[in-house]
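This is what each chain is made of:
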Amino acid sequence: EVQLQASGGGLVQAGGSLRLSCAASGFTFDDYAIGWFRQAPGKEREGVSCISSSDGSTYYGDSVKGRFTISSDNAKNTVYLQMNSLKPEDTAVYYCAAVGRFGWYYYCSGYPDGMSYWGKGTQVTVSS
């Protein structure tokens, strides 16, 4: 059974940091790209950042470039999202998702419905 377990969300003041974790199981980790998506109330789901487990290549959404860093620990089948300099507009439910390594950038950058597996979300709230 495929499982993606997201954790690490919480409440933080603007300018603060959080680290999200996504623990994956039930599939061959190295054959997939893992990504973070977020959805705020009244807004569409957007791709935040993704990483290819096979070669480490990454994608970042324009709104998080320079502030967020995605990394992967293949030995632990876990992807992390380090979020620094958080802003109130980063407030959302964050989801991790996985898709096969071919075409992942396309899905991450604008077509989240193409992701194969989704975990339950974790709430991130940034207060001003």
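Relevant structure appears above.
I will try to describe carefully the structure that is included in this document. (Residues numbered from 1 in each chain as written. Predicted model: local features only at pLDDT ≥ 70, side-chain atom pairs only at ≥ 80, totals over all residues. Heavy atoms only, no water.)

Excluding glycine, a negative phi dihedral is what most residues carry, and trans is how most peptide bonds are arranged. Even without being glycine, Asn-77 reaches a positive phi, approximately 50 degrees. The phi dihedral of Ser-85 falls on the positive side, at around 50 degrees, and the residue is not glycine. Within the secondary structure, Ser-85 sits in the loop between strand E8 (78–83) and strand E9 (92–100). The partly exposed category is assigned to Ser-85, whose relative accessible area is 40%. (Helix = DSSP H or I, 4+ residues; strand = E, 2+ residues; numbered from the N terminus. Buried < 20%, exposed > 50% of the residue type's maximum accessible area, 1.4 Å probe, protein only.)

In the structure shown here, the tally under the stated rule is nine aromatic pairs. Centroid distance Phe-37 to Trp-118: 5.0 Å. Interplanar angle 55 degrees. Geometry classified as tilted. Highlighted residues: Phe-37 in strand E4 (residues 32–39) and Trp-118 in strand E10 (residues 117–118), separated in sequence by 81 residues. The buried category is assigned to Phe-37, whose relative accessible area is 0%. Judged by its relative accessible area of 29%, Trp-118 is partly exposed. Relative to Tyr-111, the ring of Tyr-106 has its centre 4.4 Å away and its plane inclined at 10 degrees; by these criteria the two rings are stacked. Accessibility expressed as a relative area gives 47% for Tyr-106, which makes it partly exposed. An aromatic cluster of three or more residues is present, and its members are Phe-27, Tyr-32 and Tyr-117. A cation over a ring is seen here: Arg-45 above Trp-118, with NZ or CZ 4.3 Å from the ring centre. (Phe/Tyr/Trp six-rings, centres within 6.5 Å; stacked < 30°, edge-to-face > 60°. Lys NZ or Arg CZ within 6 Å of the ring centre and 35° of its normal.)

Judged by nonpolar contacts, the single largest core of 29 residues is most densely connected at Phe-27, Trp-36, Phe-68, Leu-81, Met-83 and Tyr-94. At the level of secondary structure, the elements contributing two or more residues to this core comprise strand E1 (3–7), strand E3 (18–25), E4, strand E5 (46–52), strand E7 (68–73), E8, E9 and strand E11 (122–127). Excluding residues within four positions of it along the chain, Tyr-94 makes contact with Leu-20, Trp-36, Phe-37, Arg-38, Val-48, Phe-68, Met-83, Lys-120, Gly-121, Thr-122 and Val-124. Of all hydrophobic cores here, the second largest spans nine residues; its members include Ala-33, Phe-37, Val-99 and Trp-104. (Core = buried A, V, L, I, M, F, W, Y, C linked by side-chain atoms within 4.5 Å. Contact = heavy atoms within 4.5 Å.)

Note that all results are geometric; they support no functional claim without further evidence.
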